[in-house]
Amino acid sequence: MTTEQDQLQDMMRLPAELLYSHELEALIKEEKGSIPAGWKMSPRSVLTFIAGGKAGKTVITPKYIGNTRLIEMAIATLVTDRALLLIGEPGTAKSWLSENLAAAIYGNSGLVVQGTAGTSEEHVRYSWNYAMLLANGPSPEAMVRSPIMRAMEDGGIARFEEISRCASEVQDALISILSEKTISVPELGKETSARKGFSIIATANTRDRGVNEMSAALKRRFNIIVLPAPSDLATELSIVKKRVGEIAASYELRASLPKDEALLKVVTIFRELRSGMTVDRKEKLKSPAGVISTAEAISLLTNSMALAASFGNGELTDRDLAAGLQGAIVKDDDKDKQVWKEYLDNVMKKRGSEWRGLYQACKEMNE
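Residues numbered from 1 in each chain as written. Predicted model: local features only at pLDDT ≥ 70, side-chain atom pairs only at ≥ 80, totals over all residues. Heavy atoms only, no water.

Draft legend 1. Main features of the environment of Gly155. Tracing the backbone shows Gly155 in the loop between α9 (147-154) and β7 (157-161). Here the alpha-carbon distance between Gly155 and Gly38, two residues 117 residues apart in the chain, equals 5.8 Å. Sequence-distant contacts of Gly155, that is, excluding residues within four places in its chain, are made with Gly38, Arg195, Lys196, Gly197 and Phe198. (Helix = DSSP H or I, 4+ residues; strand = E, 2+ residues; numbered from the N terminus. Contact = heavy atoms within 4.5 Å.)

This is the structure we're talking about:
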């Protein structure tokens, strides 16, 4: 008979509240602060969960490596009746921070509206089971509540991912919800009012500006926090090393973790191509059209580990890294291929013997 633990181990990706359940339990057990209505723990404990620390003898791993003051501002926003909007470049951990905040505060990070061009007002408010609606007319049983409505009823946190990808009328459906904290259901002659603890954490991508620009009225309903890209090489290295280790363990990749030298090379390449400047700031570079983010670096390294495990001896080689770099950087065949070729010849080739193996492997992939 399959146990619940076995079922969890078979899941490809655990939500934060399950992945870090032992840490959350330890924080709740050791809680000594004041807990806001609807929350599982105090704001200080939420900060410890996100930034790292200790709860009794339990080590709390950092979930977000960056400016702690930004995390404090995000948590303080959610203590009030204001919604939170996290804005940043792709790969700045907006969704990851959103998920972990919801897990710590509410214990459930799964009430999510995913913003796309096809997202409708029904995804924000409610819809109907049309078979039941036709059979019996409007009824509470026939109504399909949106994640936001469910969060309102329970006094919890709903997440709205990539809000700027939604049409303006969908975004504007949030204005009355955030202002009045109610959703009217005229078909049933009732309205749902939010319980204490309800809030929304939304994310928006700076690369999407101009797609569906948020109205000033909607922006006023949010406290906006801009999450920057990692400020320096050491910080980005720490983030990449930590997340690659976590993902590799989750996927049970039978490969050795990347050595520090390999991590340094990948992160250096990404930072230089992203900024359009070598790390010593002596040479300007062209940047590829695609996103060269920290998240992409993490994905590249885990994919390279999968290559080494599946088709090698489990040791990450320059050929494995080169294959990952090619796929991550060359997305627009013509332009990106030329940018990558120039980088190889003008930068990587000149970096001496330590880079020679990776340079040769990348040249072979780019021919």
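Having seen the structure, we can now continue with the description.
Draft legend 2. Here's a closer look at the environment of Asn67. Examined against the element boundaries, Asn67 turns out to sit in the loop between β2 (58-60) and α5 (68-79). Residue Asn67 is classed as partly exposed on the basis of its relative accessible area, which comes to 43%. Distance from Asn67 to Ala51, taken between C-alpha atoms, is 9.3 Å for residues 16 residues apart in sequence. Polar contacts involving the side chain of Asn67 include one to the main-chain amide nitrogen of Arg69, which spans 2.9 Å. (Buried < 20%, exposed > 50% of the residue type's maximum accessible area, 1.4 Å probe, protein only. Polar contact = N/O pair within 3.5 Å; in protein donor to acceptor, adjacent residues only side chain to side chain.)

Draft legend 3. Focus on the layout of surface pockets. Counted as a void, the second largest pocket has a volume near 210 Å³. Residue lining of the second largest pocket: Leu257, Pro258, Lys259, Glu261, Ala262, Lys265, Glu315, Leu316, Thr317, Asp318 and Leu321, and that is the complete set. Those elements that provide at least two residues to the lining of the second largest pocket are α13 (260-275) and α15 (318-329). The element best represented in the lining of the second largest pocket is α13, accounting for 3 residues. Residue composition of the lining of the second largest pocket, grouped by class: 5 nonpolar, 1 polar and 5 charged. (1 Å grid on protein atoms, 1.4 Å probe; cavity = no way out; pocket = protein on both sides within 12 Å on 5 of 7 lines; lining within 4 Å. Points joined across faces, edges and corners; volume = space filled by probe spheres on them. Nonpolar A, V, L, I, M, F, W, Y, C, P; charged D, E, K, R; others polar.)

Draft legend 4. Structural detail: the domain arrangement of the chain. Per the domain assignment, the segments making up the chain are domain 1 (4-226) and domain 2 (233-366). On a C-alpha basis, the centroid separation for the pair domain 1 and domain 2 is 33 Å. Facing the 10 residues of domain 1 at the interface are 14 residues of domain 2. For the pair domain 1 and domain 2, the summed buried area comes to about 830 Å², and 58% of that belongs to carbon and sulfur atoms. Linking domain 1 with domain 2 are 0 salt bridges. Where domain 1 packs against domain 2, one counts 2 residue pairs in polar contact (both at pLDDT 80 or more). Among the residues making up the side of domain 1 that touches domain 2, the classes are represented as 6 nonpolar, 2 polar and 2 charged. (Domains from an automatic or database assignment. Buried area = accessible area lost by both parts, 1.4 Å probe. Salt bridge = Lys/Arg side-chain N within 4 Å of Asp/Glu carboxyl O.)

Draft legend 5. Inspection of the nonpolar core at higher detail. Counting residues in hydrophobic clusters, the biggest one holds 66 residues, and the most contacted among them are Leu101, Ile148, Phe160, Ile163, Leu174 and Phe222. Ranked by residue count, the leading element in this core is helix α6 (residues 94-106), at 8 residues. In this view, Phe222 contacts Arg82, Ala83, Leu84, Leu85, Ile163, Leu174, Leu178, Ile200, Ala202 and Met214; residues no more than four positions away in its chain are not counted. Core analysis: the next-biggest nonpolar cluster, separate from the first, contains 38 residues, Val244, Met348, Tyr359 and Cys362 among them. (Core = buried A, V, L, I, M, F, W, Y, C linked by side-chain atoms within 4.5 Å.)

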